[in-house]
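Here is what each chain is made of, one letter per residue.
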Amino acid sequence: MGLYILVFVLTFCLMEFMAWFTHKYVMHGFLWYLHADHHKKDHDSWFERNDAFFIFYAVVSMIFFFLWQNNILEIGLAIGIGIFAYGLAYFLVHDIFIHQRFKLFRNANSKYGRAVRRAHKMHHKHVGKEDGECFGMLLFPLKYYKNA
């Protein structure tokens, strides 16, 4: 049981790095056309092309569930749940808390909350794919926490 908890926690933590890497080099790279509408809305839909990245990571998570279910990878369940948990945290922080796609957590005002919002605002000040900063989600440069 301890191994599965360790794998879950490591997967969740590694997903922050994967989110940073994917955001910096894929979303602000060769798949910018999917991410661009997140920086500068060019449509009237509630959905964004950027939402495709959620689907990608959901499929990756499901693959690990499948591998576990079919006795191919014993720790597949822990990895799949770790990816899912990070995706849920990302959705709650990014889409609900920061961007208010659902009107929840509007009055949350912790130091961490102010810092994560500020770091994300600094990321969004760049409407193009170049010169970006703060590509992670749950972790960000300490200066934003100190200034919160």
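Anyway, here's the lowdown on the structure attached to this text. Just so it is clear, the structure is predicted and the values come from calculations on it, not from any experiment.

**Observations concerning the environment of His120**
Looking at the secondary structure, you find His120 in helix α5 (residues 111–124). In sequence terms His120 and Ala36 are 84 residues apart; their C-alpha atoms lie 15 Å from each other. When near neighbours in sequence (up to four residues on either side) are disregarded, His120 contacts His38, His94, Ile98, His99 and Met137.

**Thoughts on the state of the cysteines**
In the structure shown here, the tally under the stated rule is 0 disulfides. Cys13 takes part in no disulfide bond, and the closest cysteine sulfur to it belongs to Cys134, at a distance of 19 Å. Overall, Cys13 belongs to the partly exposed group, its relative accessible area being 49%.

**Observations regarding a nonpolar patch on the surface**
Among the surface-exposed residues, Trp46, Phe47, Phe84, Leu88, Leu92, Phe102, Leu104 and Phe105 lie close enough to one another that they form a single nonpolar patch of about 800 Å² accessible area. Structurally, the position occupied by Phe102 is in the loop between α4 (76–98) and α5. Note on Phe102: relative accessible area 35%, which makes it partly exposed.

**Quick notes on the environment of Val127**
One can find Val127 in the loop between α5 and α6 (142–146). The spatial distance from the C-alpha of Val127 to the C-alpha of Asp44 is 18 Å, given a sequence separation of 83 residues. Residues within four places of Val127 in sequence aside, it is in contact with Trp32 and His39.

**Notes on unusual backbone geometry**
We note that Asn71 has phi near 55°; this positive angle belongs to a residue other than glycine. Tracing the chain through its elements places Asn71 in the loop between α3 (52–69) and α4. For Asn71, a relative accessible area of 74% gives the class exposed. Of note in the backbone geometry, Cys134 takes a positive phi value of approximately 55° without being a glycine.

**Remarks on the pattern of salt bridges**
If you walk through the whole model with that rule in mind, you get 4 salt bridges. Glu133 serves as the salt-bridge partner of Lys125, at 3.7 Å between the closest nitrogen and oxygen. Taking the relative accessible area as the measure of exposure, Glu133 reaches 22% and is therefore partly exposed.

**Side note on helix α1 (residues 2–30)**
Helix length check: α1, at 29 residues, gives a terminal C-alpha distance of 39 Å against a target of 42 Å (1.5 Å per residue), a fit within 8%. Where α1 is buried, its residues contact α2 (32–39), α3, α4 and α5.

Quick notes on the rules
- Along each chain, numbering runs from 1 in the same order as the chain's sequence is written.
- Owing to the predicted nature of the model, reporting of local features is limited to residues with pLDDT of at least 70; listing and counting of side-chain atom pairs is limited to 80 or more, with chain, interface and lining totals taken over all residues.
- Working from all heavy atoms in the structure, the side-chain values ignore hydrogens and water.
- Strands here are runs of E lasting at least two residues and helices are runs of H or I lasting at least four, both read from the DSSP assignment and numbered beginning at the N terminus.
- Throughout, a contact is declared for two residues whenever any of their heavy atoms are within 4.5 Å.
- Note that a disulfide, as used here, is simply two cysteine sulfur atoms within 2.5 Å.
- Summary of the burial criterion: residues with accessible area below 20% of their type's maximum are buried, those above 50% are exposed, and those between are partly exposed, where the area comes from a 1.4 Å probe applied to protein chains only.
- Note on patches: the residues involved have over 30% relative accessible area and no salt bridge, like charges join within 9 Å, and the nonpolar side chains Val, Leu, Ile, Met, Phe, Trp and Tyr join within 5 Å.
- All accessible-area figures derive from a Shrake-Rupley calculation using a 1.4 Å probe, and residue coverage is judged against the displayed protein chains alone.
- Basic side-chain nitrogens of Lys or Arg form a salt bridge, by our definition, when they fall within 4 Å of a carboxyl oxygen of Asp or Glu.
- To estimate how far a helix should reach, multiply one less than its number of residues by 1.5 Å.

This is a description of form; function is not addressed.
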